[in-house]
Each structure stands twice: as C-alpha cells, then as structure tokens.
Amino acid sequence: MNACISRSSARRLRPDDYRIGGFEPFSTVDYPGCIAAVVFAQGCPLKCFYCHNKDLLPAKAPPNYRWEEIEAFLINRCGLLDAVVFSGGEPLAQAALIPTMARVRALGFKVGLHTSGVYPARFAEALTFADWVGLDVKAGFDDYESVTGVKA
C-alpha cells in the first residue's frame, strides 16, 4: 500500500469499496482544460437546499456502479481521456476515496476532486493524489447551517 496513505485509510480499503452513485463517461467542463470522466460518490453529510444531486445524498443507497466497471471503461479510454474527477455527493465522505484516487493515478490519468472540504483530514490526504481541486465553499460561517442544513 502506498506510503502516503495514512493508517486511518489503510484498513485494506480498495477501490472496490468505493460506493459509486453515478458516472459521466465524458465531460469537458468538470476539469479545466481536460477531457474527463466523472465518478459521483454516493453519500453526503450535507443537506444543501440547492443540491442538484439529491439522489446521491443517502450514503446507504445501493450503488449504481461497481468500481470494476468504471476501471474497465477507463482502461479502454487510456489516451483518449485526460482525467478522472471525483464528485458527489461528497467524495471525501468515503475513506475508500484515497485508494481509488491512487488507482486512477496509477492508470495514468490526472485526478480531479470536487469537494466541500467537509472532512479536513481526509481532504489533506486526498491532496496527495489530486492534480486539481474544485472547492465548493458553501457559505460563510454565519450562514453555514442555513445553507447546508447541518451545524458548522
């Protein structure tokens, strides 16, 4: 296992453990300057009133894709896609994000991350593997609860 992965994530988690709620095989807008595929994590601890991916909020919902399907697709697109972006839901909500990002990097793709940064320790760990981050700042501290539906 990669030495950059902390003990907290090194509980033998594998990309197969990553719960995938959605997949977009081709995007020109999710990673600036790159053609990317987007993997949408199932689950988010926030309840933002404007969320456009509400079907991804329940963490325990059955996943719509298995990692082996996504990986097979990516292997067939080597040289055609530049990057893979992890979005959500909230990708940082799953510890299996880290080995999944590492696997994508090992396949030769750039790695993007769309996140609210809600799990700072895991965010710091994910930065080891991310080439680009889209940080979704939900609100100022005074308005955080009214926007996200959770206490700051």
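In this text the structure is predicted, and so the values were computed from the model without any measurement.

What counts as what
Residues numbered from 1 in each chain as written. Predicted model: local features only at pLDDT ≥ 70, side-chain atom pairs only at ≥ 80, totals over all residues. Heavy atoms only, no water. Helix = DSSP H or I, 4+ residues; strand = E, 2+ residues; numbered from the N terminus. Rg over C-alpha atoms; globule rule 2.2 N^0.38 Å. Buried < 20%, exposed > 50% of the residue type's maximum accessible area, 1.4 Å probe, protein only. Contact = heavy atoms within 4.5 Å. Areas by Shrake-Rupley, 256 points an atom, 1.4 Å probe, with all protein chains shown as cover. Lys, Arg positive; Asp, Glu negative; His and termini not counted. Charge placed at Lys NZ, Arg CZ, Asp CG, Glu CD. Pairing = 2+ DSSP bridges.

Asker: Please set out the overall build of the protein chain residue by residue, giving values where relevant.
Answerer: Broken down by element type, the protein chain carries 4 helices and 5 strands. Of the regular secondary structure in the protein chain, the N- to C-terminal order runs β-β-α-β-α-β-α-β-α. Computed over C-alpha atoms, the radius of gyration of the protein chain comes to 15 Å, within 12% of the 15 Å expected from 2.2 N^0.38 for 152 residues, which places it in the range of a compact globule. Along the first, second and third principal axes, the C-alpha set of the protein chain runs to 45 × 35 × 30 Å. In the protein chain, which comprises 152 residues, the proportion classed as buried is 47%. When contacts within the protein chain are restricted to residue pairs at least 6 apart in sequence, long-range pairs at least 24 apart make up 63% of them. Here the protein chain displays about 8,100 Å² of accessible surface, and carbon together with sulfur accounts for 55% of that area. Each charge sign in the protein chain was given a centre, from 16 positive and 16 negative side chains, and these centres are 7 Å apart.

Asker: Give a description of the pairing of strand β5 (residues 132–135) that names residues and reports values.
Answerer: Side chains on a regular strand alternate between the two faces of the sheet. The sheet contact formed by strand β4 (residues 110–115) and β5 spans 4 bridges and is parallel. Its bridge partner being in β5, His-114 is matched across the sheet by Gly-134.

These results come straight from atomic positions and should not be treated as a statement about function.
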